[in-house]
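# Architecture at a glance
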Protein chains: 2
Amino acid sequence: MPSYTAPAKDMQFVLHEVLNISDAGIPGYEDLEPDFTSAVLDEAGKVASEVLAPLNPVGDTEGCTLENGVVRTPTGFKAAFEQMKEGGWNGLDLPEEFGGQGLPYLMGTAVGEMFVSANMAFNMYQGLTHGAISAIIAHGTEDQKTTFVPKMVSLDWTGTMNLTEPHAGTDLGIMRTKAEPQADGSYAITGQKIFISAGDHDMAENVIHLVLAKAPGGGEGTKGISLFIVPKFLVNADGSLGARNPVSVGKIEEKMGIHGNATCVMNYDGATGYLIGELHKGMRAMFTMMNEARIGVGLQGYAQAEVAYQNALEYAKDRLQGRDVTGAKNPDGAADPIIVHPDVRRNLMDQKSFVEGARAFTFWGAQLIDRAHRAGDAEAEGLISLMTPVIKGFLTDKGFETTIAAQQVYGGHGYIEEWGMSQFARDARIAMIYEGANGVQALDLVGRKLAAEGGKPVMAFFEMVKSFIKENEGDEALKKDFLEPLKSASKDLQAAGMYFMQNGMKNPNAALSGSYDFMHLFGHVCLGLMWARMAKAAQAALDAGTGDAAFYETKIATGRYYMARQLPATKMHLARIESGADPVMALDAANF
Amino acid sequence: MPSYTAPAKDMQFVLHEVLNISDAGIPGYEDLEPDFTSAVLDEAGKVASEVLAPLNPVGDTEGCTLENGVVRTPTGFKAAFEQMKEGGWNGLDLPEEFGGQGLPYLMGTAVGEMFVSANMAFNMYQGLTHGAISAIIAHGTEDQKTTFVPKMVSLDWTGTMNLTEPHAGTDLGIMRTKAEPQADGSYAITGQKIFISAGDHDMAENVIHLVLAKAPGGGEGTKGISLFIVPKFLVNADGSLGARNPVSVGKIEEKMGIHGNATCVMNYDGATGYLIGELHKGMRAMFTMMNEARIGVGLQGYAQAEVAYQNALEYAKDRLQGRDVTGAKNPDGAADPIIVHPDVRRNLMDQKSFVEGARAFTFWGAQLIDRAHRAGDAEAEGLISLMTPVIKGFLTDKGFETTIAAQQVYGGHGYIEEWGMSQFARDARIAMIYEGANGVQALDLVGRKLAAEGGKPVMAFFEMVKSFIKENEGDEALKKDFLEPLKSASKDLQAAGMYFMQNGMKNPNAALSGSYDFMHLFGHVCLGLMWARMAKAAQAALDAGTGDAAFYETKIATGRYYMARQLPATKMHLARIESGADPVMALDAANF
């Protein structure tokens, strides 16, 4: 059975030595001293490795079942959920006025990585709740906040997001679910929603569905969409549970992975719903949830890769097979551990350098969210808006690829379910699909985010890379191994952006044909930047002679690997982008 | 439920217009006129789409079960197997003296692609049998051939390959299965083998296991290994079945995919085995099976991608979502089919250009095998030996990647089992692992095949590419879109080979660290060459004004896509290779 050890030391390095959080000048960050964050991460790490990780294969094997209309979660999930409630983990980064602990989003992200690595399917029950809470806090009335949020923060109730219908996924404008105004100001919601994660279960008293539906008078397309709160059980004025709302589980889908989470078909049969936010402005409210969810999904991508890497590494150290070509390393054994073989190392270094770069990137993104929300920093808001599709799309594509690479280290055993690597791969696969399939992320990036605010955020990004290079080019070691490759990759990204500007106006397909490659190109530059920043921080610690020298030297060597062996992908993506629309659009649909 | 349509027209194009088989001057090819091969392919295509494809999800859902020591195959498998027997499909390319039809290996490959696309797990029962037959024909005594081969050709009996043990996979030298000589000249085989595909089942009267084991006196490592025929039921002198041999199924593994094929733990408890080939030279005999099996696995990689692509394409034409950014294409519908979106096309073109290139590459490889075996052509033998790890490693990596890309077209539905895309992905995953994990293929390519015969095969390959370019550079259209990119990619491959020569002698890790990238680089050059050849053939047909112009124009456009958007990967692989061993080998195992 696979195991999980929380990478608290790596996280502390990113938080304190790379992002320098306690000096970041962000309200609420002043208390984030290393001792404090270490205590939080250690406690979360224990829950992750001791409570959640052992349940991961159980969830995969048993899955969820529908009994008399109620979803039953796998053995042990309910008890673990109670522990999550008692530990107050869901409220870690939620406002104190609703029962949360009020820590920054960044801390929630770090803890979230651990929980997702340990048990992605389980963590989704509270992950969806977290997104729903954010939407209610941002768009709900005072009464809605008071009624729903505290119970959701405590996980007595959980939340869901209801967007997709059988014929309407990415294209929400064609949805059919109706909201009919009622005399009491509520709405009667009727329709079918699919792919509803954590749609129902037996671990909470109530499920609060946030549902997109069309109320009369909104017009065609997404303009007619509003957002509604539809509780499984109606809530009485005193906060107690009232009548069962006519919302029911049609079935649980049989999926490739995340079996421990119930993905439900939800039927709304005139269910009572309460408008949240403005009428016919539901998409705006939904995006509050979506943006947070997209960063959370990017995190899922690399968090699955992290746990898969950990296990692949242990296997590579244990499994004896063949001999080191330069001389036996384990002469008394039947063979050497496979980690001696260059191609196994190549594979492990691909994994390690991606995961650590992805973590730094995601934590940086979380810090930008805190900067935007807590310090009202508009530049940070623009940057994270720009990078959200990159975090979601790039980290889930590479996260899945990395998980597959980790599975490969096991040889035939990787394909056998009992070793656990198959589950990591099957679970990681969904992250490329949900919350906007990665092609949609690429479209969002190139079709919307690049041009947002007249291109201000993307210019700020390039400026930041340029400044970092300029500030540090006196450092010879950093210059050759980190700054020069970063500069070259960043130039590729700029050239791609230039290609879009020059060609996309007269032919949008010239830009959109390269959108997916642009998303990957951008991701590589971001990870390159993070590795340069990590190498700088590690070198500073080595120069100061403080701490664990081997740890810092390993960081630098891992970064060098990324720069030398991953960053060259930017040229390939640029070449694909610059080949333009013609190769992509050449065929009539009938001739494929 | 997914469907499958045999791509007979594409196959005919490769066979007759690209490989010009009936004029190839290979013994047995003279009868391969278009009408004849078309009749064979049409008949095979019917079996594939009507008999095998509908059973594919059944096999996945039901899997195999072990009842009282006997493996039960999924519902319908037995009846389909009877149809395979009646059709004589297994003997298509096997010698007439043993009941086969004596057609070239190339024809077996074309038919095999169809069967694998339709139902990979099912086809393995006969695929393994085919490999075992080849080994017995190549290394068995006359008596062994007479006793076993005809019954295996007819599929009354099936075959298996037994190599792996729990602690010995790639490193067969450390295997423990023993062969004790008996007074009657047979051996008593004792030990446990794992991952035995088609290890047992209820569709044939007997299972003929080919088993690697150590007989006394052979010394350490692979030198001590011999190959044995171990029938499930002993065979009497008159050919009837005798006593049950003490070989039994320990369990069926729970796997990520290919559930329809029983992957067995086989226990040999003093089972009677007959030496095949020379004592202590078992590895040589095993490689007869392995090389054929590796090409068959490469075929699995792209054959799964083919069926996944077919279904993704249909979905992309049917699914209405969003509008063409340049103007609605389906104004009367709620939305346009998603094939209008550039990123969906990018994805589909990646799939299409890979699959068609891979088919041409594999068919060319099969033709080289025929040339080697039927015409005794040593250069062909050298070339196919060099390219076998490329066919296996590159086509299964890219085949899986392509299958995942096809699954992505379905959005959320791709993750739901009932749509079938998950099965294609899960089934395709194994091809990267078995018959030598792809890292081992890369090692074989760089550590063994490059230097084979003093580098003669690889020089012949480069010479062939060079000649093709030279012969055709007067053709302006071919030159710009095909020959120039091919030349550039081929130069990258040569530069990589040069890097290995200059650095690998003093440090083998400098070559081995780049082995995986070299395998991919080589694969891209091979597919680039095949696309250039296909474009030339298609242009010739267009110039002649014969046939279906849209078909040929589509071929050229698809080839252009591959050259413009896939071939740039060669530069990335070269950069990774030229970064050398240092980034890969920098860390001590303890510091990972």
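It should be emphasised that the depicted structure is a prediction, and the values quoted were computed from it without experimental measurement.

Thresholds, definitions, all that
Residues numbered from 1 in each chain as written. Chains lettered and ligands numbered in written order. Predicted model: local features only at pLDDT ≥ 70, side-chain atom pairs only at ≥ 80, totals over all residues. Heavy atoms only, no water. Helix = DSSP H or I, 4+ residues; strand = E, 2+ residues; numbered from the N terminus. Rg over C-alpha atoms; globule rule 2.2 N^0.38 Å. Buried < 20%, exposed > 50% of the residue type's maximum accessible area, 1.4 Å probe, protein only. Contact = heavy atoms within 4.5 Å. Areas by Shrake-Rupley, 256 points an atom, 1.4 Å probe, with all protein chains shown as cover. Lys, Arg positive; Asp, Glu negative; His and termini not counted. Charge placed at Lys NZ, Arg CZ, Asp CG, Glu CD. Expected span 1.5 Å × (residues − 1). Polar contact = N/O pair within 3.5 Å; in protein donor to acceptor, adjacent residues only side chain to side chain. Buried area = accessible area lost by both parts, 1.4 Å probe. Salt bridge = Lys/Arg side-chain N within 4 Å of Asp/Glu carboxyl O. Core = buried A, V, L, I, M, F, W, Y, C linked by side-chain atoms within 4.5 Å. Phe/Tyr/Trp six-rings, centres within 6.5 Å; stacked < 30°, edge-to-face > 60°. Lys NZ or Arg CZ within 6 Å of the ring centre and 35° of its normal. Least-squares fit on C-alpha atoms with pLDDT ≥ 70 in both. Domains from an automatic or database assignment.

## A short note on the overall build of chain A
- Assigned secondary structure in chain A consists of 19 helices and 11 strands.
- A globule of 592 residues ought to have a C-alpha radius of gyration of about 25 Å, and chain A, at 24 Å, matches this closely.
- Going through the 592 residues of chain A one by one, you find that 64% of them count as buried.
- The contacts in chain A between residues at least 6 apart in sequence include a share of 74% that link residues at least 24 apart.
- Of the roughly 20200 Å² of accessible surface on chain A, 52% is carried by carbon and sulfur atoms.
- If you average the places of the 50 positive and of the 72 negative side-chain charges in chain A, the two averages end up 5 Å apart.

## Focus on helix 5 (residues 105–118) of chain A
- When the terminal C-alpha atoms of helix 5 of chain A are compared, their 20 Å separation across 14 residues agrees well with the 20 Å that a helix rising 1.5 Å per residue should span.
- In terms of burial, helix 5 of chain A is a largely internal element, 14 of the 14 residues being buried.

## Considering the side chain of Asp481(B)
Residues and elements named next belong to chain B.
- Tracing the backbone shows Asp-481 in helix 14 (residues 476–504).
- Engagement of the side chain of Asp-481 in a polar contact is seen with the side chain of Lys-480, the distance being 3.3 Å.
- The contacts of Asp-481, once residues within four sequence positions are left out, are Arg-560 and Met-563.

## Comments concerning the interface of chain A and chain B
- Counting residues at the interface gives 91 residues for chain A, matched by 91 residues for chain B.
- Between chain A and chain B, roughly 7500 Å² of surface is buried when both sides are summed, and carbon and sulfur atoms account for 62% of that area.
- Connecting chain A to chain B are six salt bridges.
- Ionic pairing is found between Asp517(B) and Arg565(A), a salt bridge with its closest N-O pair at 2.9 Å.
- The interface formed by chain A and chain B contains 40 residue pairs in polar contact (both at pLDDT 80 or more).

## Here we look at the nonpolar core
- One finds Phe461(A) and Phe461(B) to be the most contacted residues of the largest nonpolar core, which totals 406 residues.
- Residues within four places of Phe461(A) in sequence aside, it is in contact with Trp364(A), Leu383(A), Leu386(A), Met387(A), Leu493(A), Phe522(A), Val525(A), Cys526(A) and Leu529(A).

## A closer look at the packing of aromatic side chains
All names here are of chain A.
- One pass over the structure, following the stated rule, counts 33 aromatic pairs over all chains.
- An aromatic cluster of three or more residues is present, and its members are Phe-461, Phe-462, Phe-500, Phe-518 and Phe-522.
- Stacked on the ring of Phe-233, the Lys or Arg Arg-244 has its end atom at 5.5 Å from the ring centre.
- Over the face of the ring belonging to Phe-400 we find Arg-429, whose NZ or CZ atom lies 5.7 Å from the ring centre.

## As for the relation of the copies chain A and chain B
- The operation relating chain A to chain B is a screw motion whose rotation component is 180°, with 0.0 Å of axial translation and a residual RMSD of 0.0 Å. Seen this way, the second copy is the image of the first under a two-fold rotation axis. Residue Met572(A), judged by its C-alpha, is the member of chain A lying nearest the rotation axis, at 3.2 Å.
- A high fraction, 100%, of the interface residues of chain A reappear at the interface in chain B, so the copies pair face to face through one surface.

## Some remarks on the domain arrangement of chain A
Residue and element names in this part refer to chain A.
- Looking at chain A, the domain boundaries give domain 1 (8–138), domain 2 (156–280) and domain 3 (452–582).
- With centres defined by C-alpha atoms, the gap from domain 1 to domain 3 works out at 30 Å.
- Each partner contributes residues to the interface: domain 1 has seven residues there, and domain 3 has nine residues.
- Here domain 1 packs against domain 3, burying approximately 720 Å² in sum over the two surfaces, 65% of which is carbon and sulfur.
- The largest contributions to the domain 1 side of the interface with domain 3 come from Lys-9, Phe-13 and Val-18, which together make up 63% of the buried area.
- The interface formed by domain 1 and domain 3 contains two salt bridges.
- Lys-9 serves as the salt-bridge partner of Asp-548, at 2.8 Å between the closest nitrogen and oxygen.

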